[in-house]
Amino acid sequence: MKILISFIVATLSIFGGYMLAGGQLYLLLQPAEYLIIVGGAAAAFYLGTSQKSLTILKGVLKKSMQPEMQTDEYMDVMGVMHDVLAKLSREGMIAIEADIERPESSNLFGRYPSVVRDPQTLNFITDYLRMMVTSKMSGQQIQSAMDDEITARRKENDKAAGAIYKTADALPAFGIMAAVMGVVHVMGSVGQVSNAELGVMIGSALVGTFIGVLIAYAYVGPLGQFVESRLADQVKKLECIQAILVAHIGYGFSPALSVEFGRKTLFSGVRPSYDDMEMRIKELRNAGTGSGGAAGASATNIFQAR
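Not measured: the values here are computed from a predicted model.

A.B. asks: Requested: an account of the packing of aromatic side chains, with residues and values cited.
C.D. replies: Applying the stated rule across the entire model yields five aromatic pairs. Here Phe253 and Phe261 contribute two aromatic rings whose centre-to-centre distance is 5.2 Å and whose plane-to-plane angle is 15°, an arrangement assigned as stacked. We classify Phe253 as partly exposed; its relative accessible area is 27%. The rings of Tyr251, Phe253 and Phe261 are connected pair by pair, giving a single aromatic cluster. When the ring centre of Phe267 is taken as reference, the NZ or CZ atom of Lys236 above it lies at 4.6 Å.

Given below as structure tokens:
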């Protein structure tokens, strides 16, 4: 929706301002130049973008109608991590094995549907919990493995967003190309048409430059920024999970204190307060959706221990 609104506002503002200034809209309707610019840029984008980047972009744009990640979504991530670590602390590694092998049917993960619906986040959590259960890796070793994966994800995301930025940078050049081809056509008509007709033809030829700049800076460039922001939010989730696991495994902090390390990694605009997280744990206990009645109370007591 944000993309649609911005495109509509940009289009109405630019073309509306042109018409208010006395411009004739029909002069901008040059199908041949649109074909040259859009077709050339689309072909260059497709050729220069890897299949992996195309898949990433497709996933982001498919979810573009959904709102940006909000505080509640990050709270779900921290909530499930708190519950997993609390269960692990009470019952041991083996107790969470069934949860991480079948998270979609796990009551523990089922309390956080936004996490279950996000394959990237869910796989990240279960993969490293599985490593904890099946190996004797130290906190430092797991942190190193997570660093490598997050770095790889960030590079993949940068390539995907970069493909859009490069296309935006190339569009004005395609616009110039269309304009030059239009001027060549005009020059071939000198002496065959009147001066008035030549003026219209020259104006039409120059539309190509306008179209290239318009699409680059009003549509494609901002789209690249949108994609980059959404992908950064996904990586931020992984960084939050990493901080929580490292605090618990590497330093032996309680589940509640470990969650605090994850909370501090979030941007201020979406970072829940300490009291918000405490209230979330209380709600789970009171609703009877914690890890059993006594377990839920135990989790709350841990969280209240500052």
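Don't stop here, the text continues.
A.B. asks: Hey, could you go over the nonpolar core for me, with residue numbers and the actual values?
C.D. replies: Counting 37 residues, the largest nonpolar core has Val80, Ile125, Leu129 and Leu245 as its most contacted members. At the level of secondary structure, the elements contributing two or more residues to this core comprise helix 4 (71-91), helix 6 (107-110), helix 8 (119-134), helix 9 (139-187) and helix 10 (195-251). Among the elements that make up this core, the one with the highest residue count is helix 4 (nine residues). In this structure Val80 touches Leu108, Phe109, Tyr112, Val115 and Ile125, once residues within four positions along its chain are discounted. Of all hydrophobic cores here, the second largest spans 27 residues; its members include Ala41, Ala168, Ala216 and Leu231.

A.B. asks: Which residues make up the pattern of salt bridges, and what values go with them?
C.D. replies: Tallying each qualifying case throughout the model produces 10 salt bridges. Residue Glu239 is joined to Lys236 by a salt bridge in which the shortest nitrogen-to-oxygen separation is 2.9 Å. You can see Glu239 and its partner Lys236 sitting in helix 10, three residues apart, about one turn around the helix. Several salt bridges converge on common partners, so that one network encompasses Glu73, Asp118 and Lys237.

What counts and how
Residues numbered from 1 in each chain as written. Predicted model: local features only at pLDDT ≥ 70, side-chain atom pairs only at ≥ 80, totals over all residues. Heavy atoms only, no water. Phe/Tyr/Trp six-rings, centres within 6.5 Å; stacked < 30°, edge-to-face > 60°. Buried < 20%, exposed > 50% of the residue type's maximum accessible area, 1.4 Å probe, protein only. Lys NZ or Arg CZ within 6 Å of the ring centre and 35° of its normal. Core = buried A, V, L, I, M, F, W, Y, C linked by side-chain atoms within 4.5 Å. Helix = DSSP H or I, 4+ residues; strand = E, 2+ residues; numbered from the N terminus. Contact = heavy atoms within 4.5 Å. Salt bridge = Lys/Arg side-chain N within 4 Å of Asp/Glu carboxyl O.

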